[in-house]
Structures are given as C-alpha cells and as structure tokens.
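Geometric and topological summary
Letter by letter, the chains look like this.
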Amino acid sequence: MNPVKLIAVVLIIGGALGLAYGGFSYTRNTHEVKVGPLDVALQEKKTIDVPVWAGIAAIVVGGALLLVGRPK
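So, here is what we can say about the structure in this document. (Residues numbered from 1 in each chain as written. Predicted model: local features only at pLDDT ≥ 70, side-chain atom pairs only at ≥ 80, totals over all residues. Heavy atoms only, no water.)

Looking only at helices and strands, one finds 2 helices and 2 strands in the protein chain. Taken from N to C terminus, the helices and strands of the protein chain fall in the order α-β-β-α. Against the compact-globule benchmark of 11 Å for 72 residues, the protein chain has a radius of gyration of 20 Å, which places it well outside the compact range. Here the C-alpha coordinates of the protein chain stretch approximately 70 × 25 × 10 Å along the principal axes. Across the 72 residues that make up the protein chain, the buried fraction comes to 8%. Taking as baseline every contact in the protein chain between residues at least 6 positions apart, the subset at least 24 positions apart corresponds to 56%. As displayed, the protein chain offers around 5800 Å² of accessible surface, 67% of which is attributable to carbon and sulfur atoms. (Helix = DSSP H or I, 4+ residues; strand = E, 2+ residues; numbered from the N terminus. Rg over C-alpha atoms; globule rule 2.2 N^0.38 Å. Buried < 20%, exposed > 50% of the residue type's maximum accessible area, 1.4 Å probe, protein only. Contact = heavy atoms within 4.5 Å. Areas by Shrake-Rupley, 256 points an atom, 1.4 Å probe, with all protein chains shown as cover.)

Structure representation (structure tokens):
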C-alpha cells in the first residue's frame, strides 16, 4: 500500500470517528506533591470537541486522495 492510500484511509477513518464520537477526552497529571509518607496527585480531565465540518472535510479529502492515488 503506497503512502497516499494509507493517508487517505487514515483520514477517512479519523473523519468517521470524529463524526461518530464528536470528540475525545484525556486525563492529565498536573501536580504531584510528596510530603513524607503522603502522596497527593491532581488530575485534570480535558475534552477536545471535533467539529462536524472537520469530520466531513477529512472524509472528503481522504476520498479525493483515494481517487487521485489510483493508478491509470
């Protein structure tokens, strides 16, 4: 599989996942304090929303790359 087709497939799958889930979240460790035998950690949960237009654009661009990358 050539690199153009691989990028196209990744864009199509990413766009479909963005449309299906609408975003993703992750947890980030921001502070960690160790005082004697005590360990205190602060975790922040962040959410990143994927706009609908970005998912559709990724699918369209991936489809276009598949069509352009096709041998003649």
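From this point, the narrative continues.
We now examine the environment of Ala41. Within the secondary structure, Ala41 sits in strand E2 (residues 38-49). Measuring from C-alpha to C-alpha, the distance between Ala41 and Leu67 comes to 50 Å, with 26 residues separating the pair along the chain. For Ala41, the residues in contact, after removing those within four places along its chain, are His31 and Glu32.

Further remarks concern helix H1 (residues 3-21). The periodicity of an α-helix, 3.6 residues per turn, causes residues three or four positions apart to be oriented the same way. Given a rise of 1.5 Å per residue, 19 residues ought to cover 27 Å, and the 27 Å separating the end C-alpha atoms of H1 matches this to within 8%. When we look at burial in H1, the residues that qualify are Ala8, Gly15 and Gly18. Along the axis of H1, the buried positions cluster into a sector of 95°, meaning they face one direction only. Summarising the geometry of H1, the exposed residues directed more than 90 degrees from the buried face are Pro3, Val10, Ala20 and Tyr21. Its buried side turned inward, H1 meets strand E1 (23-35) and helix H2 (52-68). Looking one or two residues beyond H1, the residue adopting positive phi is Gly22, at roughly 75°. (Expected span 1.5 Å × (residues − 1). Arc of directions from axis to C-beta.)

Quick look at the pairing of E2 now. Among the 12 residues of E2, 0 are classified as buried, and the element is accordingly described as predominantly exposed. Pairing analysis gives 12 bridges linking E1 to E2, with the strands arranged antiparallel. Residue pairing across strands places Arg28 opposite Glu44, the latter belonging to E2. Between E1 and E2, which pair antiparallel one after the other, the connecting turn spans 2 residues, and Gly36 there sits at a positive phi close to 60°. (Pairing = 2+ DSSP bridges.)

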